[in-house]
2 protein chains.
Amino acid sequence: MSPDIETLIQKISRLPGLGPRSARRIVIHLIRNRERSMEPLLTSMDNVYKNVKVCPICSNIDAFLETCSICSNKKRRKDLICIVENVADLWALERTSCFNGQYHVLKGLLSSLDGQGPEVLELEKLWKRCEENNVEEIIIALSATVEGQTTDHYIKNFFKDKNVKITSLAHGIPIGGELDYLDDGTLFAAFSARG
Amino acid sequence: MSPDIETLIQKISRLPGLGPRSARRIVIHLIRNRERSMEPLLTSMDNVYKNVKVCPICSNIDAFLETCSICSNKKRRKDLICIVENVADLWALERTSCFNGQYHVLKGLLSSLDGQGPEVLELEKLWKRCEENNVEEIIIALSATVEGQTTDHYIKNFFKDKNVKITSLAHGIPIGGELDYLDDGTLFAAFSARG
């Protein structure tokens, strides 16, 4: 096998969710469809490489000059900030169009296993931003996993004595979910938070 | 979401084995690891795009000037040709180093469902090559699926009256396989071909 092909397979196999076998399949597909698949992919990846950056305010990724399209959008409320774990979660929230404020994307969650301490949350930076923009409410939108909930508690504790309202996403029965199939934890949470 | 990112996600999600969710994950990983992941991937894909072609003799893919490294390798036997379905199968055979001849990579298998007729096999081209190089034996190394075996029969029939030996890979118990777990077809084939 040519070293060029071998290197490309190796690089692709290191992407999240892929392995050597799927990387081989992808590379063969790319070479067999040079014009239809490899060329547009190369151009498009090159565009992203040149244009897309991490926003200095909220850590969203976007193509922009100074700040990302959400931070520079004048129609969005500046006094409402939603904390998300990563950009995929930000995109998921944007797809629902339920939120019209701004974001604070974390660099990771608190995790003693991965050696991630409070510095990945950048809470001092967030608090400075809150003071500058008179933020009314911070919404914590983290996954209901152990790491997510630990981080949720830590953030709540950090803002406890500060003059800003802190809320978290509600726990309960997912829409379309059947009671019988729910785990006990969810059912308990839904029951406790009834209203 | 920036249109650049959206286009890249769309392009990646069309690769074999991927979908919109895995493509999103890959794109976020690439942007977050610009220097460590996206830049080397871009360079490597660009190299493949510029250097790698389909060999005019055997349809292998490789970086070459006139013919691929297998066809131009003087140490390999020219009178032995192995027919494989695609380049992944060629690489699999090369990894075992059990074969020291040359290849004929098919453009596909006979399949009435996919509308692929005998033209994808390029047997006339293969026969011309056999005559030019006094080929002794053609080894058909196709998968033991319906399409693979139909193609196997068709190729055998094509070369029936021609002066060349045609063989196929043996069917039987895979190495490490337990009798009790084998399907009936394999067990029957292994029993019939005992020796």
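Above this text is the structure in question.
Worth saying up front: this structure is predicted, and the values here are computed from it rather than measured.

Calculation criteria
Residues numbered from 1 in each chain as written. Chains lettered and ligands numbered in written order. Predicted model: local features only at pLDDT ≥ 70, side-chain atom pairs only at ≥ 80, totals over all residues. Heavy atoms only, no water. Contact = heavy atoms within 4.5 Å. Buried area = accessible area lost by both parts, 1.4 Å probe. Salt bridge = Lys/Arg side-chain N within 4 Å of Asp/Glu carboxyl O. Polar contact = N/O pair within 3.5 Å; in protein donor to acceptor, adjacent residues only side chain to side chain. Helix = DSSP H or I, 4+ residues; strand = E, 2+ residues; numbered from the N terminus. Phe/Tyr/Trp six-rings, centres within 6.5 Å; stacked < 30°, edge-to-face > 60°. Buried < 20%, exposed > 50% of the residue type's maximum accessible area, 1.4 Å probe, protein only. Lys NZ or Arg CZ within 6 Å of the ring centre and 35° of its normal. Patch = residues over 30% accessible without salt bridge, like charges linked within 9 Å, V, L, I, M, F, W, Y side chains within 5 Å. Areas by Shrake-Rupley, 256 points an atom, 1.4 Å probe, with all protein chains shown as cover. Pairing = 2+ DSSP bridges.

Visitor: How should I be thinking about the interface of chain B and chain A in this particular structure?
Guide: Accessible area lost on assembly of the parts is the figure often given for the size of an interface. Each partner contributes residues to the interface: chain B has 47 residues there, and chain A has 47 residues. Per-residue buried area on chain B facing chain A is highest for M45, Y49 and W91 of chain B; these three make up 16% of the total on that side. At the boundary of chain B with chain A, the tally comes to zero salt bridges. Where chain B touches chain A, the interface holds 10 residue pairs in polar contact (both at pLDDT 80 or more). For the side of chain B that touches chain A, the secondary structure elements donating two or more residues are α1 (3-13), α2 (20-32), α3 (34-51), β1 (52-54), β2 (61-63) and α4 (87-96) of chain B.

Visitor: Just checking my understanding: could you explain the packing of aromatic side chains for this structure?
Guide: Summed over all chains, the structure comprises six aromatic pairs over all chains. Each ring, one from F99 of chain B and one from Y103 of chain B, has its centre 5.2 Å from the other, and the planes form 65°; the classification is edge-to-face. The buried category is assigned to F99 of chain B, whose relative accessible area is 11%. An aromatic cluster is built from W127, F158 and F159 of chain A, whose rings are joined through pairwise contacts. It is K53 of chain A that lies over the ring of F64 of chain A; its NZ or CZ is 4.9 Å from the centre. Geometry around W127 of chain B places K162 of chain B over its ring, the cationic atom sitting 5.6 Å from the centre.

Visitor: Which parts of the structure should I look at to understand a nonpolar patch on the surface?
Guide: All names here are of chain A. Together, I173, L179 and L187 line one region of the surface with nonpolar side chains, adding up to about 240 Å² of accessible area. As for its position among the elements, L187 is in helix α7 (residues 184-192). Since its relative accessible area comes to 33%, L187 is described here as partly exposed.

Visitor: Would you explain the environment of D183 of chain A in this entry?
Guide: Residue and element names in this part refer to chain A. Along the chain, the position of D183 falls in the loop between β6 (165-168) and α7. Distance from D183 to S72, taken between C-alpha atoms, is 42 Å for residues 111 residues apart in sequence. Reaching out from D183, the side chain makes a polar contact with the side chain of T186 at a distance of 2.5 Å.

Visitor: Explain the pairing of strand β3 (residues 80-84) of chain A here, please?
Guide: Side chains on a regular strand alternate between the two faces of the sheet. All names here are of chain A. Counted residue by residue, β3 has five buried out of five residues, so it is predominantly covered. Side chains L80, C82 and V84 of β3 all project onto a buried face; the interleaved residues I81 and I83 project onto the opposite face, where all are buried too. Here five bridges tie β3 to strand β5 (residues 137-141), and the two strands are oriented parallel to one another. When the sheet's bridge partners are listed, V84 is paired in β5 with A141. Pairing geometry for β3 and strand β4 (residues 102-105), over four bridges, is parallel. Each residue of the ladder has a partner; that of C82, found in β4, is Y103.

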